[in-house]
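One letter stands for each residue in the lines below.
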Amino acid sequence: MADDIELNRLYWHSRRGMLELDVLLVPFVREAYSALDAEDQARFRKLLTCEDQDMFGWFMRREEPADPDLRRMVNMILDRVQPK
């Protein structure tokens, strides 16, 4: 039950109101978040605290996060939709 509440909360926090972010973050929560280890789950929650404009730049590959944890999570999300 607590896991369902957490996933629901993350789902709503992943809905940013910017389509480019929503199409990346929402499916990631639904399809991949539960399979992450605790450290990567914490990294994802940390990513959700970032500003939308920063995330937009990272996901559009215009820049990279300085924080290695955030960089790891951005790459993990992008690799799901744009495999190398």
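Below is a summary of the structure that appears in this document. (Residues numbered from 1 in each chain as written. Predicted model: local features only at pLDDT ≥ 70, side-chain atom pairs only at ≥ 80, totals over all residues. Heavy atoms only, no water.)

## Overview of the side chain of Ser14
Heads up, the rule is: Only runs of H or I of at least four residues qualify as helices and only runs of E of at least two qualify as strands under DSSP, and these elements are numbered from the N terminus. The buried label goes to any residue with under 20% of its type's maximum accessible area, the exposed label to any with over 50%, and the partly exposed label to all in between, with areas taken from a 1.4 Å probe on protein chains only. N or O atoms closer than or at 3.5 Å make up a polar contact, with two conditions inside protein: a donor-capable atom paired with an acceptor-capable one, and, for residues adjacent in sequence, both atoms drawn from side chains. Between two residues, a contact is recorded if the distance between any of their heavy atoms is within 4.5 Å.
Locating Ser14 in the fold gives a position in helix α1 (residues 2–14). Residue class for Ser14 comes out buried when judged on its relative accessible area of 0%. A distance of 2.7 Å separates a polar atom in the side chain of Ser14 from the backbone oxygen of Leu10. Ignoring sequence-local partners within four residues, the contact set of Ser14 consists of Asp22, Leu25, Val26, Val29, Phe44 and Leu48.

## Thoughts on helix α3 (residues 38–47)
Formally: It is the directions from the helix axis to the C-beta atoms that the arc portrays.
Buried within α3 are the following residues: Asp40, Gln41, Arg43, Phe44 and Leu47. Projected onto a plane normal to the axis of α3, the buried residues spread over an arc of 155 degrees and lie on a single side. Of the residues in α3, the exposed ones pointing more than 90 degrees away from the buried face are Ala38 and Glu39. Among the residues of α3, the N-terminal cap falls to Asp37, whose side-chain oxygen and the backbone nitrogen of Glu39 are separated by 3.1 Å.

## A word on the packing of aromatic side chains
For the record, the criterion: Any pair of Phe, Tyr and Trp rings, taking the six-membered ring for Trp, is counted once the centres come within 6.5 Å. Such a pair is stacked with planes under 30 degrees apart, edge-to-face with planes over 60 apart, and tilted for the rest.
On inspection of all chains with the given rule, the structure shows three aromatic pairs. Between the aromatic rings of Tyr11 and Trp12, the centroid separation amounts to 5.1 Å while the plane-to-plane angle is 80 degrees, which identifies the pairing as edge-to-face. Each member of the aromatic cluster is reached from another via a ring pair, and the members are Phe28, Tyr33 and Phe44.

## Quick look at unusual backbone geometry
The phi dihedral of Arg61 falls on the positive side, at around 60 degrees, and the residue is not glycine. Counting through the fold element by element, Arg61 comes out in the loop between α4 (52–59) and α5 (68–81). On the basis of relative accessible area, Arg61 is assigned to the partly exposed category, the value being 47%.

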